[in-house]
Amino acid sequence: MLVQLALYSDRFYMAAVGVYVFAMVLHGWEFARERTAAPALVGETPEASLAGGPGGAGPPPLEGAVRSPAERMGRMGVSLVVLGAGLQFVSILLRGIAAQRWPLGNMYEFISAITFAAVLTWLVVLKRGTGLRPLGAFVLFPVVILQFLGGTVLYTQAAPVMPALQSYWLVVHVTTISIASGLFFVPGIASALFLMRSSGRMPAALAAKVPSAEALDRLAYRVTIVAFPLYTFAVIAGAIWAEAAWGRFWGWDPKETVAFIAWVVYAAYLHARATAGWRNGRAAWVNVLGLVAVVFNLFFINLVVAGLHSYAGVN
């Protein structure tokens, strides 16, 4: 029975990846066909939040209005993202039941949780902002890449975890670090697009379809201020777990060190974003560096560097 549930979990995971790929194609179609981007109002006022139609595409069309083919593709893409998130949630749930533990014990499960958090974050952003839907392809691309790697190179069969991970702190620490890491993907991508747009290096045809630099900067900042407290709590919870498991709160293990570096980078970003002279490109560069640190900690530290946190589940 448990083996069958694990098989169903894998199939739901693969189905979610396929749906995300299809959604990315539809978002790419919308982005390529749209002539200009709609005004992006990322959480400016409650009225602005309510003005956006489903998927954050701007004010809802008048009754009887005909939507463009590109807009229809974009709305279908959003619907597919919702479907994919549902399939992925079922995959994570079945994985936990099949393994008879919290489904965050190896890299495959960790990547699934991070990408799920990133997709949910994007859906919330679409609900609260307008004119952002054509950017869905930029958000889904790294999600699809990570899920492909997780389901192929880093795949691990459902099984109990090692004794060191059999603790309620696995639920507290790893869950919050996964959610925070998924949240950081959206502002990292927004800051990268901000840098391309504000530097003038983005082709004019592409820049006309991307929200304004101010909107991208605002999106990056507002998602980061939500993710940073979660990440801070995750680091603190990890230190408490380390004291319970190894008898010390901090030991400069490679994963601990890079996690601390990422925390410092994001703290520096929030400080820089509040400083007048750093509000533009400099702060965005710091935010992109923070995402690089998170991804580096996820892959290189887990897979290459030996340490107390070497729980990748692959050899």
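Asker: Tell me what's going on with the packing of helix α1 (residues 2-33) against helix α5 (residues 136-151), and back it up with residues and numbers.
Answerer: Contact geometry for α1 and α5: axes closest at 9 Å, N-to-C directions at 155 degrees. The angle between α1 and α5 places the two elements in the roughly antiparallel class. Note that α1 runs across α5; the crossing there is left-handed. Contacts between α1 and α5 pair Tyr13, Val17, Tyr20, Val21, Ala23, Met24, His27, Gly28 and Phe31 from the former with Gly136, Ala137, Phe138, Leu140, Phe141, Val143, Val144, Leu146, Gln147, Gly150 and Gly151 from the latter. Taken together, the residues that form the contact of α1 with α5 break down as 14 nonpolar, 6 polar and no charged.

Asker: Describe the nonpolar core, naming the residues involved and giving the relevant values.
Answerer: Across soluble globular proteins, nonpolar side chains show a tendency to be buried alongside one another. Judged by nonpolar contacts, the single largest core of 80 residues is most densely connected at Tyr20, Leu135 and Tyr231. Mapped onto this core, the elements with two or more residues apiece are α1, α3 (69-99), α4 (107-128), α5, α6 (168-198), α8 (213-246), α9 (254-273) and α10 (281-303). With 14 residues, α6 is the largest single contributor of residues to this core. Apart from residues no more than four positions distant in its own chain, Leu135 is found in contact with Phe31, Trp122, Leu193, Val210, Pro211 and Leu216.

Asker: Describe the pattern of salt bridges, and please don't skip the residues or the numbers.
Answerer: Within this structure, the stated rule accounts for 6 salt bridges. Among the salt bridges present, the one from Arg75 reaches Glu71, with a minimum N-O distance of 3.3 Å. Note that Arg75 and Glu71 are positioned in helix α3 at a spacing of 4 residues, about one turn of the helix. Using a relative accessible area of 14% as the deciding quantity, one classes Arg75 as buried.

Asker: Give a detailed account of the environment of His271, specifying residues and quantitative values.
Answerer: Residue position: His271 is located in helix α9. His271 sits in the exposed class, given a relative accessible area of 58%. Between the alpha carbons of His271 and Ala283 there is a distance of 8.6 Å; along the sequence they are 12 residues apart.

Conventions adopted
Residues numbered from 1 in each chain as written. Predicted model: local features only at pLDDT ≥ 70, side-chain atom pairs only at ≥ 80, totals over all residues. Heavy atoms only, no water. Axes fitted to C-alpha atoms, helices over the stretch in contact; angles between N-to-C directions. Helix = DSSP H or I, 4+ residues; strand = E, 2+ residues; numbered from the N terminus. Parallel < 35°, antiparallel > 145°, perpendicular 65-115°, else oblique. Left-handed = near helix turned anticlockwise from the far one by under 90°. Contact = heavy atoms within 4.5 Å. Nonpolar A, V, L, I, M, F, W, Y, C, P; charged D, E, K, R; others polar. Core = buried A, V, L, I, M, F, W, Y, C linked by side-chain atoms within 4.5 Å. Buried < 20%, exposed > 50% of the residue type's maximum accessible area, 1.4 Å probe, protein only. Salt bridge = Lys/Arg side-chain N within 4 Å of Asp/Glu carboxyl O.

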